[in-house]
Amino acid sequence: MTAERDRAEQEHAEQERRRARRIDMWSIAWMLLALVIWGLFAVLMIADYGPERSGRPICRGPLIELPSDSFRCHDAWREWPALLGILALAVLATVVAAATTVYARLLSRLARQDNPAARAQN
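Residues numbered from 1 in each chain as written. Predicted model: local features only at pLDDT ≥ 70, side-chain atom pairs only at ≥ 80, totals over all residues. Heavy atoms only, no water.

Enquirer: Could you clarify how one ought to interpret the overall build of the protein in this entry?
Expert: Looking only at helices and strands, the protein features three helices and two strands. Reading the helices (α) and strands (β) of the protein from amino to carboxyl end gives α-β-β-α-α. Taking all 122 residues of the protein together, the buried fraction comes to 22%. Partitioning the contacts of the protein with sequence separation of at least 6, the portion at a separation of at least 24 is 57%. For the protein, the computed accessible surface area is about 8,900 Å², with 63% contributed by carbon and sulfur atoms. (Helix = DSSP H or I, 4+ residues; strand = E, 2+ residues; numbered from the N terminus. Buried < 20%, exposed > 50% of the residue type's maximum accessible area, 1.4 Å probe, protein only. Contact = heavy atoms within 4.5 Å. Areas by Shrake-Rupley, 256 points an atom, 1.4 Å probe, with all protein chains shown as cover.)

Quick look at the structure:
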């Protein structure tokens, strides 16, 4: 009777560990996605673009654009509504990455706590 119960508890603990590893992999994927979106946002905000004059692009990134520029550059990706949308996606991906990381760590600790072998040693 106790051997069956121990085996069932071990199987449950192993399932919890697998679940924690799977959630941990998802958290890594969300972190990578968030980093890519943040990188895209940074490039769009800072990098120069547009036609070149003297070997250098005419248009400056929105973050470093000078108000005295006489040439007005238009790029749909570098307008503020698009940039704010990308920023919102970056923040959302970052929050989901943080939440899944915390959840994975919690599941991992609970799986270790439920381990009957660890309980027998204590």
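Now that the structure is up, let's keep going.
Enquirer: Sorry if this is basic, but what is going on with helix α2 (residues 80–113) here?
Expert: Because an α-helix completes one turn every 3.6 residues, residues spaced three or four positions apart along the sequence face the same direction. An ideal rise of 1.5 Å per residue puts 50 Å on 34 residues; α2 measures up with 49 Å between its terminal C-alpha atoms. Packing partners of the buried residues in α2 comprise α1 (2–46). (Expected span 1.5 Å × (residues − 1).)

Enquirer: Explanation requested: the packing of α1 against α2 in the structure shown.
Expert: Two quantities define a packed helix pair, namely the angle between the helix axes and the distance between the axes. Two elements in contact, α1 and α2, have axes separated by 7 Å at closest approach and are oriented at 160 degrees. On the basis of the axis angle, α1 is roughly antiparallel to α2. For the crossing formed where α1 meets α2, the hand is left-handed. Here the contact of α1 with α2 is composed, by residue class, of 26 nonpolar, five polar and five charged. (Axes fitted to C-alpha atoms, helices over the stretch in contact; angles between N-to-C directions. Parallel < 35°, antiparallel > 145°, perpendicular 65-115°, else oblique. Left-handed = near helix turned anticlockwise from the far one by under 90°. Nonpolar A, V, L, I, M, F, W, Y, C, P; charged D, E, K, R; others polar.)

Enquirer: Would you mind going over the packing of aromatic side chains with me for this structure?
Expert: The geometry of two aromatic rings is summed up by the distance between their centres and the angle between their planes. One pass over the structure, following the stated rule, counts one aromatic pair. Ring plane angle 85 degrees and centroid distance 6.1 Å describe the contact between W38 and F41, whose orientation is recorded as edge-to-face. With a gap of three residues between them, W38 and F41 both fall in helix α1, about one helical turn apart. Overall, the relative accessible area of 14% leaves F41 in the buried class. (Phe/Tyr/Trp six-rings, centres within 6.5 Å; stacked < 30°, edge-to-face > 60°.)

Enquirer: Explain the environment of L33 here, please?
Expert: Inspection of the secondary structure assignment puts L33 in helix α1. Given the relative accessible area of 40%, L33 is considered partly exposed. With 56 residues separating them in the primary sequence, L33 and L89 have C-alpha atoms 9.9 Å apart.

Enquirer: Mind showing me how you'd approach the side chain of E16 here?
Expert: Mapped onto the elements, E16 comes out in helix α1. Buried within the structure, E16 lacks any salt-bridge partner; R19 is the closest side chain of opposite charge, at an N-O distance of 4.1 Å. In this structure E16 touches L107 and A111, once residues within four positions along its chain are discounted. (Lys, Arg positive; Asp, Glu negative; His and termini not counted. Salt bridge = Lys/Arg side-chain N within 4 Å of Asp/Glu carboxyl O.)

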